[in-house]
Amino acid sequence: MSTAVDASLPVAEQEDGTANMLGGKKVAVVFVLGGPGSGKGTQCSNIVEHFGFTHLSAGELLRSEIKSGSENGTMIDSIIKEGKIVPSEITVKLLQEAMIKSENNKFLIDGFPRNQENRLSFENVIKIAPEFVLFFDCSEEEMVRRLLGRNQGRADDNIETIRKRFRVFEESSLPVVQYYDSKGKVKKINAAKPIPEVFEDVKTIFQPYGSKAA
Ligand SMILES: Nc1ncnc2c1ncn2[C@@H]1O[C@H](COP(=O)(O)OP(=O)(O)OP(=O)(O)O)[C@@H](O)[C@H]1O
Ligand SMILES: Nc1ccn([C@@H]2O[C@H](COP(=O)(O)O)[C@@H](O)[C@H]2O)c(=O)n1
Ligand SMILES: [Mg+2]
């Protein structure tokens, strides 16, 4: 694993002024939030391609955990089917393992923190403050249309679970966005536009984080 510190990387500090370090390397973390179907995963793929970040989707890590037959798999599966949020200790451990295993020092953490418990658990265990929170703003009507057309065989892409996910997003995830907004850390994107137009706005935000080679 590379332990080199990339001196050119603009990296946030924690509130006590401590640098964001993980396993001896200086790291930059961007949290990517937005309602179900707002386009987080789609835009993260574009950011990876253009800016060399590693994309860690909390939802994907949980789905892999189910497929791997882990002891928590059955419990995670039923929580996802209910559109609810998996206990933070599980999700944070999966994120921590993935970050440590990676040789990269720039991470997009997609779909996390989903609630205040997620946020506090990440702060206490991983101890890294995000550079900023990228927030994809989109109407429910458009998000429903996208989710029902996604066709990736996801167990939660049915109208009943989609409605539950929207309620959880409003009740538990938006307060996290508001928390980071009060700290001046939210960069809000109009996600209702076509994919290339959304990415034009995303690109402007990521320019300081260098190109793919960084
Ligand atoms: N700007 C856009 N315009 C139209 N369709 C889009 C746009 N962005 C993404 N999509 C499509 O909408 C669907 C959902 O996108 P995506 O999986 O990126 O959303 P997400 O925010 O990651 O959702 P989830 O929270 O459920 O994982 C996909 O089929 C994707 O191709
Ligand atoms: N921090 C998280 C992220 C996700 N989940 C669960 O996974 C589902 C799918 O997440 P996507 O980001 O891929 O849409 C989500 O509805 C939750 O059930 C979680 O618990 N915690
Ligand atoms: Mg996604």
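In the annotation of an unreviewed UniProt entry, the entry for the protein reads UMP-CMP kinase, and the organism field reads Hordeum vulgare subsp. vulgare. Per UniProt, the protein has the following entry under Subunit (unreviewed entry): "Monomer." Turning to the protein, the UniProt annotation filed under Sequence similarities (unreviewed entry) states: "Belongs to the adenylate kinase family. UMP-CMP kinase subfamily."

Trainee: Any chance you could explain the UniProt feature "binding site: a ribonucleoside 5'-phosphate" (unreviewed entry) in the protein here in plain terms?
Mentor: Summarizing the sequence annotation, UniProt attributes the feature "binding site: a ribonucleoside 5'-phosphate" (unreviewed entry) to R63, K84, I85, V86, G111, F112, P113, R114, R154 and R165 in the numbering used throughout. In this structure, I85 sits in the loop between helix 3 (73-81) and helix 4 (88-101). According to the C-beta neighbour criterion, R114 is buried, with 21 such atoms within 10 Å. Non-local contacts of R114, meaning those with residues more than four positions away in its chain, are made with I85, S172 and S173.

Trainee: Mind showing me how you'd approach helix 1 (residues 40-51) here?
Mentor: An α-helical segment advances 3.6 residues per turn. Residues three or four places apart therefore align on the same side. Here helix 1 spans 16 Å end to end across 12 residues, near enough to the 16 Å set by a 1.5 Å rise per residue. Buried residues belonging to helix 1 abut strand 3 (28-34), strand 4 (54-57), strand 5 (106-110), strand 6 (132-137) and helix 8 (195-206).

Trainee: Is there a simple way to explain the sheet that holds strand 6 in this structure?
Mentor: The strands making up a sheet are joined through hydrogen bonds of the backbone, oriented either antiparallel or parallel. The strand order 4-5-3-6-7 describes an open sheet built from five strands, whose pairing is parallel. The two strands at the open ends of the sheet, each matched to only one other strand, are strand 4 and strand 7 (186-190). Pairs of neighbouring strands in the sheet enclose a mean axial angle of 25°, with direction left out of account. Two strands pair when backbone bridges link them, and strand 4 and strand 5 are joined in this way by four bridges, in the parallel orientation. Paired with L56 across the strands is I109, a residue of strand 5.

Trainee: Looking at this structure, I do not really get the site of ligand 1. What am I missing?
Mentor: As a matter of local geometry, ligand 1 sits amid 17 residues, with G39, K40, G41, T42 and R146 nearest to it. Looking at the shell around ligand 1, the elements that each hand over two or more residues are helix 1 and helix 8. It is helix 1 that provides the largest number of residues to the shell around ligand 1, a total of three residues. Broken down by class, the residue content of the shell around ligand 1 amounts to five nonpolar, nine polar and three charged.

Trainee: Please clarify how the site of ligand 2 should be interpreted in this entry.
Mentor: In the region of ligand 2, 18 residues are neighbours, and A58, G59, V86, G111 and R114 sit closest. Broken down by secondary-structure element, the contributors of at least two residues to the shell around ligand 2 are helix 2 (58-67) and helix 3. Among the elements that take part in the shell around ligand 2, helix 2 stands out by supplying three residues, more than any other. Classifying every residue of the shell around ligand 2 gives eight nonpolar, six polar and four charged.

Procedures and definitions
Residues numbered from 1 in each chain as written. Chains lettered and ligands numbered in written order. Predicted model: local features only at pLDDT ≥ 70, side-chain atom pairs only at ≥ 80, totals over all residues. UniProt positions renumbered as here; feature names shortened; annotations may be inferred. Helix = DSSP H or I, 4+ residues; strand = E, 2+ residues; numbered from the N terminus. Buried ≥ 20, exposed ≤ 12 C-beta atoms within 10 Å, placed from the backbone. Contact = placed C-beta atoms within 7 Å. Expected span 1.5 Å × (residues − 1). Pairing = 2+ DSSP bridges. Axes fitted to C-alpha atoms, helices over the stretch in contact; angles between N-to-C directions. Near = placed C-beta within 6 Å. Nonpolar A, V, L, I, M, F, W, Y, C, P; charged D, E, K, R; others polar.

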